Amino acid sequence: MTEQFLIGTYTKKDSKGMYKVTLDDDAGKITKVELAIPSQKPAYLQVGSDKTVYAVKQIDDQGGVASYSLKDDNAKMLSKVLAAGAPPAYVGLDEERHLLYSANYHTAKVDVFRINPDHTLTQTDSVLHQGATGPQPEQDSPHVHFADLTPDKRLVVCDLGMDLVVVYNVSDDGKLTAVSRYKSEDGFGSRHIAFHPNGKYAYLLGELSSKLEVLKYNANDGTFSHVQTIKTIPADWTSHNGAAAIRLSSDGKFIYTSNRGENTIAVFEIQPDFTVKHIQSISTEGDFPRDFNLSADESYLLASNQNSDNLTLYKRDAETGKLTMLQKDVHCPEPVCVQRF
């Protein structure tokens, strides 16, 4: 049995766009990496249930989002919405309301797009983040880094520049209304957030602090309250590190985060009170692991190393949550996003 991943990349060096990766589940091995969708700087993407691909898009000095059909290995761009300036850092998919969200690090904007029946995109709203920022050099201005759904279908947005998480209500016609703001410690650098399957707890990753916050989520009013903060790297680590991606196992027992600098996947076990305990850090066998993802049955984890142009495959133990490296040095140019396809 085989399954596939779609890898978003930067295209500063040798990459030509999005790459399809084939995993042989029986052999526990990556067997093929091939260009699937030619595109400039498709650094983040989402795959719809009908296999439509929604991705960050850049053309020369314009950035935005685009939709693609990828059927029978034939790629076709269906729509693009571009504006002057840098492209977004993240796209979130809302299939129930037929909406797409983008988070733009450079412009500090959250944009909303309607997904039309033909998978073309029409912008419906845009919200600009403004306000006080943190003390780190990277926090010179607001930097929106993540925009995706809460379990109760609100939109949750992480702002790295403001150490902030903002929750928005989303109308059926794609309009945003802010309902709550959660502020982390100064310099935390809120990057990505992931929810426990029970919908009552969330795990917030701080890029600049290399910390993980456990938060309790109140669905009645869309607010967060702090429970725990824990480092994703050793206490004695002094070199530069930036936490990047976070994933939860579907059984709600384990959390995985990536560290760019220490170049590891950190594994945490979720305790009965939903706090977390660090149980493993394993090398990504490469440099700058920006993203990773679990296989469909969660028996494998595939990590992408941006600077060393390689993918690393691990076997995952469902009982202990721990990882064992199976394969490294799988060439893929400038990989920065890993999604199941």
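Conventions and cut-offs
- Residues numbered from 1 in each chain as written.
- Predicted model: local features only at pLDDT ≥ 70, side-chain atom pairs only at ≥ 80, totals over all residues.
- Heavy atoms only, no water.
- UniProt positions renumbered as here; feature names shortened; annotations may be inferred.
- Helix = DSSP H or I, 4+ residues; strand = E, 2+ residues; numbered from the N terminus.
- Buried < 20%, exposed > 50% of the residue type's maximum accessible area, 1.4 Å probe, protein only.
- Salt bridge = Lys/Arg side-chain N within 4 Å of Asp/Glu carboxyl O.
- Core = buried A, V, L, I, M, F, W, Y, C linked by side-chain atoms within 4.5 Å.
- Domains from an automatic or database assignment.
- Contact = heavy atoms within 4.5 Å.
- Phe/Tyr/Trp six-rings, centres within 6.5 Å; stacked < 30°, edge-to-face > 60°.
- Buried area = accessible area lost by both parts, 1.4 Å probe.
- Pairing = 2+ DSSP bridges.

Naming follows an unreviewed UniProt entry, where the protein appears as Carboxy-cis,cis-muconate cyclase of Limosilactobacillus frumenti DSM 13145. In its Sequence similarities (unreviewed entry) section, the UniProt record describing the protein reads: "Belongs to the cycloisomerase 2 family."

(A) Highlighting unusual backbone geometry. Unlike most non-glycine residues, Lys153 shows phi in positive territory, near 70°. For Lys153, the position within the fold is in the loop between β12 (144–149) and β13 (155–159). Phi is positive for Glu334, close to 50°, though the residue is something other than glycine. By relative accessible area, which is 3% here, Glu334 ends up buried.

(B) A look at the pattern of salt bridges. A full pass over the atoms with the stated rule returns nine salt bridges. For Arg154, the salt bridge goes to Asp152, with nearest N and O atoms at 2.6 Å. Between Lys211 and Glu185 there is a salt bridge whose closest N-O contact spans 2.8 Å. Placement of the pair is Lys211 in strand β18 (residues 211–218) and Glu185 in the loop between β15 (176–183) and β16 (190–195), with a sequence separation of 26 residues. Relative accessible area serves as the criterion here: at 21%, Lys211 is assigned to the partly exposed category.

(C) Quick look at the nonpolar core. Counting 57 residues, the largest nonpolar core has Leu6, Leu100, Leu155, Ile193 and Phe224 as the members making the most contacts within it. Here this core gets six residues from one element, more than from any other, and that element is strand β14 (residues 164–170). The two domains that each donate at least three residues to this core are domain 1 (1–42 + 242–340) and domain 2 (59–231). Not counting the four nearest positions on each side in its chain, Phe224 is found in contact with Val156, Val165, Val167, Tyr182, Ile193, Phe195, Ala202, Leu215, Lys216 and Tyr217.

(D) Up close: the packing of aromatic side chains. Inspection of every chain in the model, using the stated rule, returns seven aromatic pairs. On the basis of an interplanar angle of 70° and a centroid distance of 6.4 Å, the ring pair of Tyr182 and Phe224 is categorised as edge-to-face. Of this pair, Tyr182 sits in strand β15 while Phe224 sits in strand β19 (residues 223–231), and the two are 42 residues apart along the sequence. Each member of the pair, Tyr182 together with Phe224, is buried. Note on Tyr201 and Phe274: the rings are 4.4 Å apart at their centroids and 20° apart in plane angle, and the pair reads as stacked. One end of the pair, Tyr201, is in strand β17 (residues 201–206); the other, Phe274, is in the loop between β22 (264–270) and β23 (276–283), with 73 residues separating them in the sequence. Relative accessible area serves as the criterion here: at 13%, Tyr201 is assigned to the buried category. Here a set of aromatic residues connected by ring pairs shows up, and it is made of Tyr182, Phe195, Tyr217 and Phe224.

(E) Representation of the domain arrangement of the protein. Along its sequence, the protein is carved into domain 1 (1–42 + 242–340) and domain 2 (59–231). Summarising the inter-unit geometry, the C-alpha centres of domain 1 and domain 2 are found 21 Å apart. Across the contact, 29 residues belong to domain 1 and 28 residues belong to domain 2. Here domain 1 and domain 2 share an interface that buries about 2,200 Å² over both sides, 64% of which is from carbon and sulfur atoms.

(F) Inspection of the pairing of strand β1 (residues 2–9) at higher detail. Buried residues dominate β1, accounting for six of its eight residues. With six bridges joining them, β1 and strand β2 (residues 17–24) adopt antiparallel strand pairing. Paired with Phe5 across the two strands is Val21, which belongs to β2. By the bridge criterion, five bridges tie β1 to strand β28 (residues 335–340) in an arrangement that is antiparallel.

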